[in-house]
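# Fold and contact review
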Amino acid sequence: MKLVMAIIRPFRLDDVRLALGRLHVEGLTVSEVRGYGRQRGQMEIYRGAEYAVNFQPKIKIEVAVDDDRAESVVEAIQQSARTGRIGDGKVFVLDIAQTTRIRTGETNEAAI
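The structure reproduced in this document is the subject of the present report.

The rules we used
- Residues numbered from 1 in each chain as written.
- Predicted model: local features only at pLDDT ≥ 70, side-chain atom pairs only at ≥ 80, totals over all residues.
- Heavy atoms only, no water.
- Helix = DSSP H or I, 4+ residues; strand = E, 2+ residues; numbered from the N terminus.
- Expected span 1.5 Å × (residues − 1).
- Buried < 20%, exposed > 50% of the residue type's maximum accessible area, 1.4 Å probe, protein only.
- Arc of directions from axis to C-beta.
- Pairing = 2+ DSSP bridges.
- Salt bridge = Lys/Arg side-chain N within 4 Å of Asp/Glu carboxyl O.
- Axes fitted to C-alpha atoms, helices over the stretch in contact; angles between N-to-C directions.
- Contact = heavy atoms within 4.5 Å.

This part takes up helix α2 (residues 67–81). Compared with an ideal rise of 1.5 Å per residue, which puts 15 residues at 21 Å, α2 spans 22 Å between its outermost C-alpha atoms and is within 8% of the ideal. Every buried residue belonging to α2 is among A70, V73, V74, A76, I77, S80 and A81, and all of these are buried. What you see down the axis of α2 is that its buried residues fit within an arc of 165 degrees, all on one side. Those residues of α2 that are exposed and angled more than 90 degrees off the buried face are D68, E71 and Q79.

Here you go:
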């Protein structure tokens, strides 16, 4: 089992959700996060004063999938989240040692 974790631009969330829906991904977790990468934040002007925005708003998506589906999920996220500009985000794939569904006690693949 794999955990696919993606950090994307907030306005790309609906596109990513639709792309994952086409792959019949049954569940995902979405969190609002803040961070920066190469863009290192940016300068903003508010009421004539300039100030630095050190962290950019991002969306973190987490999806648990079988090993054989991980690559197609990564590809779907990459294609649907891409704008071609710096700050599009990253996708991480991690191994999951064990999964348990709390309600039924099912484990591993049966739990996802």
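Another point: the pairing of strand β1 (residues 2–8). A regular strand carries its side chains on alternate faces of the sheet. The buried fraction of β1 is high, at 5 of 7 residues. Inspection of the sheet shows β1 paired to strand β5 (residues 56–65) by 7 bridges, in the antiparallel sense. The residue bridging L3 from the neighbouring strand is A64, located in β5.

With that settled, consider the pattern of salt bridges. For the structure shown, the criterion picks out 4 salt bridges. Note that R12 and D15 form a salt bridge whose closest N and O atoms lie 3.5 Å from each other. A relative accessible area of 33% means that D15 is categorised as partly exposed.

The subject of this paragraph is the sheet that holds strand β6 (residues 89–95). Read across the sheet, 4 strands follow the order β2-β5-β1-β6 without closing on themselves; strand pairing throughout is antiparallel. Sheet topology places β2 (29–35) and β6 at the edges, where each strand pairs with a single neighbour. Taken over all neighbouring pairs, the strand axes of this sheet differ in orientation by 20 degrees on average, direction set aside. Across 7 bridges, β1 lies against β6 in antiparallel orientation. Bridging across to β6, V4 finds its partner in V93. Of the strands in this sheet, β1, β2 and β5 are in contact with helix α1 (residues 13–22), which crosses β5 at around 10 degrees. The strands touched by α2 are β1, β5 and β6; relative to β1, the strand with the most contacts, the crossing angle is about 5 degrees.

With respect to the helices and strands, the residue I112 is situated in the segment after β6. Assessed through its relative accessible area of 30%, I112 is described here as partly exposed. Once the C-alpha coordinates of I112 and G27 are considered, the two residues, 85 residues apart in sequence, prove to be 8.2 Å apart. In this view, I112 contacts M1, E26, A64, V65, D66, T99 and R101; residues no more than four positions away in its chain are not counted.

Take the environment of L94 next. Mapping L94 onto the fold places it in strand β6. Along the primary structure L94 and M1 are separated by 93 residues, whereas in three dimensions their C-alpha atoms are 8.6 Å apart. Discounting chain neighbours no more than four positions away, the residues touching L94 are M1, K2, L3 and M5.

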